[in-house]
Amino acid sequence: MMLLSMLFTFFKIGLFSFGGGYAILAMIQQEVVIKHAWLTEAEFMEVVAISQMTPGPIAINAATFIGYHKAGILGGLLCTIGVILPSLIIMMIITLSYLKLKKLAWFQQIFKRLRLVSVGLIAAALIMILGNAVQSLFAVAVFAVSFVCTWKFKLNPFTMLIATAIFGAIFGSA
Amino acid sequence: MLLKIFLTFLKIGAFTIGGGYAMIPLIKREVCSRHAWITEEEFLDGLAASQSAPGPIAVNISIYTGYHVRGKSGMLMAVLGTILPSTFTILMVAMLFNQYADQAVVKRAFSALKPAVVALIAVPLIQMAKKSGMNLRNAWFPLAVAILVGLLGVSPVYLILLTIAYAIWESRR
């Protein structure tokens with residue numbers, strides 16, 4: 001039952017995430033942390049950090065990790081299949097008819113609007129993790145430095161996270 | 001040919017760290033320049049389609065390319081190639097993490113990683129806001145979504161369905 005519920009939940013996540021990795025993370029947080037409570041907010045942030053540091057699409061990494069965490073290897077595989085199944089179906093249709101679809105006014109309008117929704121959803125994800133993640137002066141400082149390095153100095157996320165992990169291992173609190 | 005598709009996407013999946021957007025230039029080089037499976041124009045159309053469709057962009061573009069080159073079986077090979085390395089690696093990492101999560105050094109590392117993750121999500125948020133065509137007239141839209149979902153706990157699914165209906169109504173007016 002648990003496995004079936006996970007497969008269905010990740011199918012839903014795949015189906016309703018528009019705009020790639022970070023929009024999917026926002027959907028995962030909604031379904032997995034808030035609705036089903038399979039992960040705590042703190043565990044969710046661990047998953048995001050790990051997913052970004054390992055090869056491949058962030059959403060796939062997060063789905064596999066969460067599935068394994070809750071229900072072992074089979075859980076990991078089912079969550080992965082669940083999250084890509086909608087892509088397979090929808091991309092097959094779109095590949096056949098994209099050249100025709102992109103000329104239609106309603107098709108363009110839907111995606112113009114959905115892009116704005118994705119921005120709102122990621123902002124919501126940020127609001128929800130902010131309180132949990134940034135509680136101490138140490139956390140505020142780490143946030144500020146990593147934000148400036150990624151945004152202003154275009155440091156890639158992988159290097160930033162590795163540097164942060166090493167810094168944390170030495171100066172952080174357990 | 002099917003094996004070649006599989007191996008090409010396996011390579012792409014195994015050697016890109018940092019998620020979908022990091023994979024796109026590599027995919028383009030492999031499928032447009034090296035193998036010449038699709039033209040640059042077809043790739044850009046595919047990329048636009050991949051960004052419109054739900055789901056991971058890297059998975060979507062590999063589905064598009066695989067399907068273009070060799071139909072349904074090409075599509076499956078491309079997807080398997082893209083996700084197998086990450087599924088395998090993350091399973092290993094998850095097993096290790098379960099064992100070492102309680103170690104003090106791991107906890108210390110994550111005490112710094114958590115605020116860094118906030119920055120990691122904040123930066124693409126700004127970039128996506130710029131690219132989404134947000135302006136003073138339509139900024140209420142993402143703002144309303146953020147408040148409804150982030151503070152009032154409304155499910156994004158309803159908002160997305162509502163948005164699709166609203167967009168269709170708008171364009172029919």
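Since we're looking at a predicted model, the values are computed, not measured.

A. Structural view of the overall build of chain A. Tallying secondary structure elements over chain A gives 7 helices and 0 strands in all. In chain A, the succession of helices and strands from N to C terminus is α-α-α-α-α-α-α. Residues classed as buried in chain A amount to 54% of the 174 residues present. The long-range share in chain A, meaning contacts at least 24 apart out of those at least 6 apart in sequence, stands at 55%.

B. Seen up close, the overall build of chain B. Across its full length, chain B holds 7 helices and 0 strands. Counting from the amino terminus, helix and strand elements in chain B follow one another as α-α-α-α-α-α-α. Here chain B has a C-alpha radius of gyration of 20 Å; the compact-globule value for 173 residues is 16 Å, and the former is much larger. With respect to the three principal axes, the spread of C-alpha positions in chain B is 60 × 50 × 25 Å. The buried share of chain B, reckoned over its 173 residues, is 45%.

C. Just the interface of chain B and chain A, in detail. Listed as interface residues are 85 residues of chain B and, on the opposing side, 91 residues of chain A. Of all elements in the fold, only α1 (2-15), α3 (40-52), α4 (57-100), α5 (104-131), α6 (140-150) and α7 (156-172) of chain B reach the threshold of two or more residues within the side of chain B that touches chain A. Top contributing element to the side of chain B that touches chain A by residue count: α5(B), with 24 residues. Across the side of chain B that touches chain A, the residue classes tally to 58 nonpolar, 21 polar and 6 charged.

D. Just the nonpolar core, in detail. With 106 residues, the main nonpolar core has A:Ala62, A:Ile122 and B:Val117 as its most contacted residues. The residue makeup of this core includes at least three contributed by each of domain 1 (2-100) and domain 2 (104-172) of chain B.

E. Main features of helix α6 (residues 137-151) of chain A. For α6(A), spanning 15 residues, the distance from its first C-alpha to its last is 21 Å, which sits close to the expected 21 Å at 1.5 Å a residue. By the burial criterion, the buried members of α6(A) are A:Ala139, A:Val142, A:Phe143, A:Ser146, A:Cys149 and A:Thr150. Projected down its long axis, α6(A) shows its buried positions confined to an angular sector of 140°, all on one face. Across α6(A) from its buried face, at more than 90 degrees, point the exposed residues A:Leu137 and A:Val140. In this structure, the buried residues of α6(A) make contact with α5 (105-133) and α7 (157-171) of chain A together with α5 of chain B.

F. The packing of α6(A) against α7(A), seen in detail. All names here are of chain A. Two elements in contact, α6 and α7, have axes separated by 10 Å at closest approach and are oriented at 155°. What the angle tells us is that α6 and α7 run roughly antiparallel. Note that α6 runs across α7; the crossing there is right-handed. For the pair α6 and α7, contact is made by Val142, Ser146, Cys149 and Thr150 and by Pro157, Met160 and Thr164, respectively.

G. Summary view of helix α4 (residues 58-101) of chain A. Spanning 44 residues, α4(A) covers only 28 Å between terminal C-alpha atoms, well under the ideal 64 Å at 1.5 Å per step. Remark: the principal bend of α4(A), roughly 150°, maps to A:Ala71.

H. Summary view of the domain arrangement of chain B. Taken domain by domain, chain B consists of domain 1 (2-100) and domain 2 (104-172). Just the C-alpha atoms count here: the centres of domain 1 of chain B and domain 2 of chain B sit 25 Å apart.

I. Layout of the confidence of the model for chain A. Here chain A averages 91 in pLDDT, and 100% of its residues register 70 or above. When mean pLDDT is taken per element in chain A, helix α1 (residues 2-15) of chain A scores highest with 96 and α5(A) scores lowest with 88.

J. Quick peek at unusual backbone geometry. Residues and elements named next belong to chain A. Although it is not a glycine, Ala37 adopts a positive phi angle of roughly 55°. Mapped onto the fold, Ala37 is located in the loop between α2 (21-35) and α3 (41-53). Given 8 C-beta atoms within 10 Å, Ala37 falls into the exposed group. The backbone phi angle of Lys154 is positive, close to 55°, even though this residue is not glycine. In this fold, Lys154 is placed in the loop between α6 and α7.

Conventions used here
Residues numbered from 1 in each chain as written. Chains lettered and ligands numbered in written order. Predicted model: local features only at pLDDT ≥ 70, side-chain atom pairs only at ≥ 80, totals over all residues. Helix = DSSP H or I, 4+ residues; strand = E, 2+ residues; numbered from the N terminus. Buried ≥ 20, exposed ≤ 12 C-beta atoms within 10 Å, placed from the backbone. Contact = placed C-beta atoms within 7 Å. Rg over C-alpha atoms; globule rule 2.2 N^0.38 Å. Nonpolar A, V, L, I, M, F, W, Y, C, P; charged D, E, K, R; others polar. Core = buried A, V, L, I, M, F, W, Y, C linked by C-beta atoms within 7 Å. Domains from an automatic or database assignment. Expected span 1.5 Å × (residues − 1). Arc of directions from axis to C-beta. Axes fitted to C-alpha atoms, helices over the stretch in contact; angles between N-to-C directions. Parallel < 35°, antiparallel > 145°, perpendicular 65-115°, else oblique. Left-handed = near helix turned anticlockwise from the far one by under 90°. Bend = angle between axes of the 7 residues up to and from the residue. pLDDT = per-residue confidence, 0-100.

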